[in-house]
Amino acid sequence: MSHRPFVIKIGGSTLGATDTTYADIAALARKGDVPVVVHGGGAEASRWLDAMHIPSRFERGLRVTDERVLPVVVAVFAGLVNKRIVAAIDAAGARAVGISGADARLLRCRIADSALGLVGEPLEVDPAPIRALLDAGLVPVISSIGCVPSQPADQLVNVNADTVAASVAAAVGARRLVFLTDVEGVRGPDGERIDRLDAARARTLVVDGTISGGMIPKIEACLHAAGLGVEVQIVDGRVPGALRSLDNAGTIIIPAVS
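These numbers come from a predicted model, not from an experiment. (Residues numbered from 1 in each chain as written. Predicted model: local features only at pLDDT ≥ 70, side-chain atom pairs only at ≥ 80, totals over all residues. Heavy atoms only, no water.)

A. Structural view of the overall build of the protein. Within the protein one finds seven helices and 14 strands. Once the C-alpha set of the protein is aligned to its principal axes, its extents read approximately 50 × 45 × 40 Å. Across the 258 residues in the protein, those meeting the buried criterion constitute 50%. Expressed as a percentage of contacts within the protein between residues at least 6 apart in sequence, the contacts between residues at least 24 apart total 70%. (Helix = DSSP H or I, 4+ residues; strand = E, 2+ residues; numbered from the N terminus. Buried < 20%, exposed > 50% of the residue type's maximum accessible area, 1.4 Å probe, protein only. Contact = heavy atoms within 4.5 Å.)

Here it is as structure tokens:
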């Protein structure tokens, strides 16, 4: 692989009428800075589960994934959402290829917690399929479905997309993992956006309540990535051109120096 790519985690809350996420990704790819895209699709999965009268349950923010839920999650994440993203990037002028963590056993997992059902915890990411796509100038679009190696067939599992993004970023030696969110960054006690944040200070802000509510899981995902040695940036993905103007945007969480 000729470069250290950006890994970009996108979510439904950042995609709207005014954002330019797909155009930004295509622009990066066209100039030779091909990124890796990781996504989930929880909101879309919930809509399909509701339509099929299958209840959605969550434990600690994670979807409980039983034998009825899993086929819907796989179909939505690896199928519908993945191909929509691929089609949008292609239409914006780049070439994208949609895969899941189950393809080529890219994302090997174990069962995270029996109480969550078929939810995976990443053990290993094989970077070879991702590097092959990057070297061919293709944008890998990875859905957050993993596999637990088994016989006669691997067990498909639902994996938290933020965790997948962190694991992928570490495996490919990303120069930065960018979380496109619906906030402009982390705010300090004075209400001002914090430009740079280390893991220790981030944890302090969680403990003292400065970081609260929906920002806590975002920070936990960032800390997971930082713990794997990856620099992370939280950016407001609703802002047009967000990925083309990362300097002085959002909050960068820097990994600990070993």
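Following the structure, the description resumes.
B. Fine view of the pattern of salt bridges. What the rule picks out here adds up to twelve salt bridges. In this structure, Arg175 and Asp33 form a salt bridge, with 2.5 Å as the shortest nitrogen-oxygen distance. A residue pair is termed long-range when its members are at least 10 positions apart, and Arg175 in the loop between helix H5 (161-172) and strand E11 (176-181) and Asp33 in the loop between helix H1 (21-30) and strand E2 (36-39) qualify at 142 residues. In this structure, Arg110 engages Glu121 in a salt bridge whose closest nitrogen and oxygen atoms are separated by 3.1 Å. You can see Arg110 sitting in strand E6 (residues 107-111) and its partner Glu121 sitting in strand E7 (residues 120-125), a full eleven residues away along the chain. What you see here is one network of salt bridges that share partners, running through Glu44, Arg47 and Arg84. (Salt bridge = Lys/Arg side-chain N within 4 Å of Asp/Glu carboxyl O.)

C. Expanded view of the sheet that holds E2. The strand order across the open sheet formed by eight strands is E5-E8-E2-E1-E11-E13-E14-E12, and the pairing between neighbours is mixed. A single partner strand is all that each edge strand has here, and the edge strands are strand E5 (96-100) and strand E12 (196-198). Ignoring strand direction, the axes of neighbouring strands in this sheet form an average angle of 25 degrees. Two elements, E2 and strand E8 (residues 139-143), share three bridges in a ladder whose sense is parallel. Pairing of Val37 across the sheet is with Val141, part of E8. In the packing of helix H4 (residues 128-135) onto the sheet, contacts are made with E2, E5 and E8, and the angle to E8 comes to roughly 145 degrees. (Pairing = 2+ DSSP bridges. Axes fitted to C-alpha atoms, helices over the stretch in contact; angles between N-to-C directions.)

D. A look at the packing of aromatic side chains. Tallied over the full model, the rule gives zero aromatic pairs. The ring of Phe6 carries the charged tip of Arg175 above its face, separated from the ring centre by 4.0 Å. (Phe/Tyr/Trp six-rings, centres within 6.5 Å; stacked < 30°, edge-to-face > 60°. Lys NZ or Arg CZ within 6 Å of the ring centre and 35° of its normal.)

E. Main features of unusual backbone geometry. Put simply, Gln151 and Pro152 share a cis peptide bond, and its omega is 5 degrees. With respect to the secondary-structure elements, Pro152 resides in the loop between strand E9 (145-148) and strand E10 (155-158). Look at His53: it is not a glycine, yet its phi comes out positive at around 60 degrees. Phi at Ala104 is positive, roughly 55 degrees, even though this residue is not glycine.

F. The environment of Ser56, seen in detail. For Ser56, the position within the fold is in the loop between helix H2 (42-51) and strand E3 (58-59). As a C-alpha pair, Ser56 and Val76 span 20 residues in sequence and 14 Å in three-dimensional space. Among the polar contacts made by the side chain of Ser56, one reaches the side chain of Arg63 at a distance of 3.1 Å. (Polar contact = N/O pair within 3.5 Å; in protein donor to acceptor, adjacent residues only side chain to side chain.)

G. Summary view of the nonpolar core. Of all hydrophobic cores here, the largest spans 78 residues; its most connected members are Val139 and Leu177. Residue contacts for Val139: discarding those within four places in its chain leaves Ile25, Ala29, Val34, Pro35, Val37, Ile89, Ala94, Arg95, Ala96 and Val97. (Core = buried A, V, L, I, M, F, W, Y, C linked by side-chain atoms within 4.5 Å.)

H. Just the pairing of strand E14 (residues 251-254), in detail. Pairing between E12 and E14: three bridges, direction parallel. In the sheet register, Asp198 faces E14, and the bridge partner there is Ile254. Examined bridge by bridge, strand E13 (residues 232-236) and E14 share three bridges and lie antiparallel to one another. What sits directly across from Ile234, in E14, is Thr251.

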